[in-house]
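# Overview (structure and organization)
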Amino acid sequence: MNVGIIILVVLAFAAAGYIAGKRQALSLSAQSGIKLHSLSGYYGQTVALFAAVPALLLLIVWLLVQPIVVESRVSGMIPDSAIAQGSARSLVMSDVRRIAGGLDAVLARGGLGEDELNTISANTQTVRARLAEVGVALAGEVQPVVFEAARAYRQTTKSGALAMTIAVLGVSLALAFLAYRRIEPQMRARNISEGFVKSLLIASSLIAILTTIGIVFSLVFETITFFKIYPASQFFFSTVWNPQFRGGSELGILPLLWGTMYVSFIALLVAVPIGLMIAIYLSEYAGRSMRSFAKPAIEMLAGIPTIVYGLFALVTIGPFLRDYFAQPLGLGSSSSSVLTAGLVMGVMIIPFVSSLSDDIINAVPQALRDGSYGLGATRSETIKKVVMPAALPGIVGAVLLAASRAIGETMIVVLGAGASAKLSLNPFEAMTTVTVKIVSQLTGDSEFSSPETLVAFALGLTLFTFTLALNVLALYIVRKYREQYE
Amino acid sequence: MNSISSMNTTTTTTKASPMTETKISARNVQVYYGEKHALRDVSIEIRPRSVTAFIGPSGCGKSTFLRCLNRMNDTIDSCRVEGHILIDGENIYDAKVDPVQLRAKVGMVFQKPNPFPKSIYENVAYGPRIHGLARKKSELDDIVAASLQKAGLWNEVKDRLHESGTGLSGGQQQRLCIARAVAVSPEIILMDEPCSALDPIATAKVEELIHELRTNFTIVIVTHSMQQAARVSQRTAMFHLGLLVEENDTDKMFTNPDDQRTQDYIMGRFG
């Protein structure tokens, strides 16, 4: 039975359990004259939950664990001698999987019976021909061991699937029955379903947290591998970024960090003043109708895909800056430059600053404004001397969040700032950032286990640490500020 | 000698005569919040250097009227004020009157103490700074010290002027707000239930302070406490459902009011 059908059957059990449980509760209550503790539907729900949830969890775990078990068993069948020079066990195993899949396809077409399959051996030409018929092309002769392994692989997988079907359906039925038997009018079915709902919610949030942890771990492990083959001091302190396909690359992060900081700095230089002024206008001056129109309109900037910003940088801002500023001033002739990327990115993060700051300025109690107006202060004096100082910690938090967004940005930089790693102060020169290099190192032609590729993980981890630190700092500041007024 | 003194006495008497002197004069004031007619036809005369109390049940319009006197209602979009309010004979709703200047002349203390999240010194210095009342640091220091003294807070805070104003107790915060209002030397101080967030001891201190401030300022106070109105004010005005029901000497008001509704409210029959 395949997985889809198993799920459908389990759900059918649950539905049946719901109806049966509800009926049972009503009839028991009618017989004994005891009032039900909960609404009758909750009894049905309890049976349904017992039927479905543990069985489906088992199914998920089984699907995750079975391939690992089968793999390790079959892999043990292949002796080291069967692995050709320059190949690896993992490559042989992928052959095994392909042959096993091919055999399945052959069987499905009816070209071969199950019994026949057990009798034919690998050295016959028929196997290759048969497999070729169903689209599985094999490079060379199939070694007998490999063919045997494939057969075993098929067999184990098949019996595993059977066992899984039995186990899942068995658990579903058994628990449904158990829950059904335990129904009595005093049973607190409401509380049981409440407990289930709670665990469901906890499980959902765990998924998000575990994903983050998983991301960090995968980065950490690859980074450790990288530092085994490339000295960490070189990575962190070298000022040269010069990856070579032949090896002997220099992979210093400093030029990339410099580019990242420079672009982000320019972006913040654009976004912070404009964003703050927008926030002040929206929260202190704009009328209700203006505000309800302008705020979503500005937030739309954040919804534009960054690749579109990148194109804008590439075809409009870049050439404009080159023709009217860089070349007349003799500062460079490249259309991609730090300034291009920084300006465009600054526009992109304006809504981050303006929206968050607007919320924060609105959170400053009206009583403080009244106090200031009551002393004869004008609006702008009130904003400058009372509202802004009170909102400042929160605004700093908003700016830090925008900064971490800028640091992680990729597309605008690829198209706007270019790809040459450089340590320079000239904003009209092309530079590049950490994120851009992560992309180009991972999509390059180098072998995966080479330092040229693995450096991407070290770069990623460094970037992650940076933005995480900024986020934590921002959250800390925002939270501290909130305590002040609530 | 004798004649001079008697002349002085005569002038003073004429000047302080309740019949001739009026600081604030309101005529047929109407206030609307959008469609809602919140105040109807309020006319009242308020005397200088005295305390006038506004009493009445919640939502009767007494705070609304108070906020008309320094045009604080201007900050509410939907609010519309009609009629005339004259301060020293000048209509404050006239187009040539700058509400910002007006509020420097008519200070306000709010229901909940609202010190700025700045130091005690900066709180008091705020008004003098924005109005340019002090040319030198030493002048500003003097204004701050004098204001805190007038607000009866000086002895409690003189050693910690540079600590945050929000760290004071509720009663101290309210007196700080009074000091802040006094620092711009207004002529009138409006107080919107200044003691409703304070405990009895802090309330007593603020009431005592109001009593002292009366010698220099015209004070209008909104209060929910009948006892407070009786203790601090010379004149009392009773509002009900957006109408000014009665306005009278406080003594008369609390012993023998003219209006039945005032009688009922003071006896605790509604409100």
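Quick caveat, the model's predicted, so the values are computed rather than measured.

A few words now on unusual backbone geometry. Residues and elements named next belong to chain B. Unlike most non-glycine residues, arginine 49 shows phi in positive territory, near 45°. Within the element layout of this structure, arginine 49 appears in the loop between β2 (36–46) and β3 (51–55). Residue glutamate 193 is not a glycine yet carries a positive backbone phi of 45°. Tracing the backbone shows glutamate 193 in the loop between β7 (188–192) and α8 (200–213). In this structure glutamate 193 comes out as buried when scored by C-beta crowding, with 21 C-beta atoms within 10 Å.

Let us look at the sheet that holds strand β5 (residues 90–91) of chain B. Residues and elements named next belong to chain B. The sheet built from 4 strands is open, its strands ordered β2-β1-β4-β5 with antiparallel pairing. Looking at the sheet topology across the chains shown, the edges are occupied by β2 and β5. As paired strands, strand β1 (residues 24–33) and β2 are joined by 7 bridges and run antiparallel to one another. Residue pairing across strands places tyrosine 33 opposite lysine 36, the latter belonging to β2.

Once that is clear, we can look at the environment of Pro365(A). Inspection of the secondary structure puts Pro365(A) in the loop between α12 (338–363) and α13 (366–374). Residues Pro365(A) and Ala390(A), spaced 25 residues apart in sequence, show a C-alpha to C-alpha distance of 9.5 Å.

Right, let's get into the nonpolar core. A general feature of soluble globular proteins is that nonpolar side chains tend to end up buried together. All names here are of chain A. Of all hydrophobic cores here, the largest spans 150 residues; its most connected members are Ile349, Val353, Ala402 and Ile412. The contact partners of alanine 402, leaving out residues within four places of it in the chain, are Leu268, Ala271, Ile349, Phe352 and Val353. Core analysis: the next-biggest nonpolar cluster, separate from the first, contains 23 residues, Ile6, Tyr18, Val47 and Leu175 among them.

On to the UniProt feature "domain: ABC transporter" (unreviewed entry) in chain B. As annotated in UniProt, the feature "domain: ABC transporter" (unreviewed entry) corresponds to residues 24–266 of chain B in the numbering used here. Across residues 24–266 of chain B one finds 37% helix and 26% strand; the C-alpha atoms that close the span lie 26 Å apart.

Of the residues lining the interface, 23 residues belong to chain B; the matching set on chain A comes to 15 residues. Those elements giving two or more residues to the side of chain B that touches chain A turn out to be α3 (99–105), β6 (106–109), α4 (120–130) and α7 (170–182) of chain B. Here the element with the most residues in the side of chain B that touches chain A is α3(B); it accounts for 4 residues. In the side of chain B that touches chain A, the residues fall into 12 nonpolar, 7 polar and 4 charged.

For chain A, the assigned domains are domain 1 (3–187) and domain 2 (236–485). For domain 1 of chain A and domain 2 of chain A, the distance between their C-alpha centres works out to 49 Å.

What follows deals with the confidence of the model for chain A. In this model, chain A carries an average pLDDT of 86, and 92% of its residues clear a pLDDT of 70 or more. When pLDDT is averaged over each element of chain A, helix α9 (residues 254–285) of chain A comes out on top at 94 and helix α4 (residues 114–119) of chain A at the bottom at 64.

Let's shift gears to the UniProt feature "domain: ABC transmembrane type-1" (unreviewed entry) in chain A. Per the UniProt annotation, the sites labelled "domain: ABC transmembrane type-1" (unreviewed entry) are residues 257–474 of chain A. With 80% helix and 0% strand, the stretch residues 257–474 of chain A has end C-alpha atoms that lie 21 Å from each other.

A word on the packing of helix α2 (residues 40–77) of chain A against helix α6 (residues 144–181) of chain A. All names here are of chain A. Closest axis-to-axis distance for the α2/α6 pair is 8 Å, and the angle between their directions is 160°. One finds that α2 runs roughly antiparallel with respect to α6. Once α2 is placed against α6, the crossing between them reads as right-handed. Class assignment of the residues belonging to the contact of α2 with α6 gives a composition of 24 nonpolar, 6 polar and 2 charged.

All names here are of chain B. Sheet architecture is open: 6 strands sit in the order β6-β7-β8-β3-β9-β10, paired in mixed fashion. This sheet does not close on itself; its edge strands, each paired only once, are β6 and β10 (243–249). On average, each strand axis in the sheet is tilted by 20° relative to the strand beside it, whichever way the strands run. Here β7 runs beside strand β8 (residues 218–222); their pairing, made up of 5 bridges, is parallel. The residue bridging leucine 190 from the neighbouring strand is valine 220, located in β8.

With that settled, the discussion passes to the confidence of the model for chain B. As a general rule, the predicted coordinates of low-pLDDT regions are not to be interpreted in detail. All names here are of chain B. This prediction gives chain B a mean pLDDT of 89; 92% of its residues lie at or above 70. Of all helices and strands in chain B, the one with the weakest mean pLDDT is helix α1 (residues 2–16) (42), whereas β8 scores best (96). Low confidence marks residues 1–18, where pLDDT is under 50. Its contacts with residues over four positions away, or in another chain, come to 3 contacts. Scoring of the predicted complex yields 0.74 for pTM and 0.87 for ipTM.

Turning next to helix α7 (residues 189–229) of chain A. Residue pairs spaced three or four apart in an α-helix point in one direction, given the helix's 3.6 residues per turn. In this model, α7(A) (41 residues) spans 59 Å end to end at C-alpha, consistent with the 60 Å of a helix rising 1.5 Å per residue. Of all the residues in α7(A), the buried ones are Ala189(A), Leu219(A), Glu222(A), Thr223(A) and Phe226(A).

Turning to the pairing of β8(B), a few remarks are in order. Residues and elements named next belong to chain B. In terms of residue burial, β8 counts as a mostly covered element, since 5 of its 5 residues are buried. In β8, alternate side chains face the same way, and those of Thr218, Val220 and Val222 on one face and Ile219 and Ile221 on the other are all buried. For β3 and β8, the ladder comprises 4 bridges, and the chain directions are parallel. Residue pairing in the sheet places phenylalanine 54 in a bridge with valine 222 of β8. Remark: the β7/α8/β8 crossover connection has right-handed handedness.

Next up on the list: the environment of Val206(B). All names here are of chain B. Considering the arrangement of structural elements, one finds valine 206 in helix α8. Exposure remark for valine 206: the 22 C-beta atoms within 10 Å place this residue in the buried category. Between the C-alpha atom of valine 206 and that of aspartate 249, which follows or precedes it by 43 residues, the distance is 22 Å. Contact partners of valine 206, with chain neighbours within four places excluded, come to Gly171, Gln174, Arg175, Pro194, Cys195 and Leu198.

On to the environment of Val472(A). By the element assignment, Val472(A) lies in helix α17 (residues 451–485). Sequence separation between Val472(A) and Val197(A) is 275 residues; the distance between their C-alpha atoms is 31 Å.

Below, the discussion takes up helix α3 (residues 89–109) of chain A. Residue and element names in this part refer to chain A. For α3, spanning 21 residues, the distance from its first C-alpha to its last is 30 Å, which sits close to the expected 30 Å at 1.5 Å a residue. Among all positions in α3, only Asp95, Val96, Ile99, Ala100, Gly102 and Leu103 are buried. Seen along its axis, α3 keeps its buried residues to an arc of 165°; they face one direction. Every exposed residue of α3 that faces more than 90 degrees away from the buried side is listed here: Ser90, Leu91, Ser94, Ala108 and Arg109.

Rules and cut-offs
Residues numbered from 1 in each chain as written. Chains lettered and ligands numbered in written order. Predicted model: local features only at pLDDT ≥ 70, side-chain atom pairs only at ≥ 80, totals over all residues. Helix = DSSP H or I, 4+ residues; strand = E, 2+ residues; numbered from the N terminus. Buried ≥ 20, exposed ≤ 12 C-beta atoms within 10 Å, placed from the backbone. Pairing = 2+ DSSP bridges. Core = buried A, V, L, I, M, F, W, Y, C linked by C-beta atoms within 7 Å. Contact = placed C-beta atoms within 7 Å. UniProt positions renumbered as here; feature names shortened; annotations may be inferred. Nonpolar A, V, L, I, M, F, W, Y, C, P; charged D, E, K, R; others polar. Domains from an automatic or database assignment. pLDDT = per-residue confidence, 0-100. Axes fitted to C-alpha atoms, helices over the stretch in contact; angles between N-to-C directions. Parallel < 35°, antiparallel > 145°, perpendicular 65-115°, else oblique. Left-handed = near helix turned anticlockwise from the far one by under 90°. Expected span 1.5 Å × (residues − 1). Right-handed = clockwise from strand over helix to strand, strands pointing away. Arc of directions from axis to C-beta.

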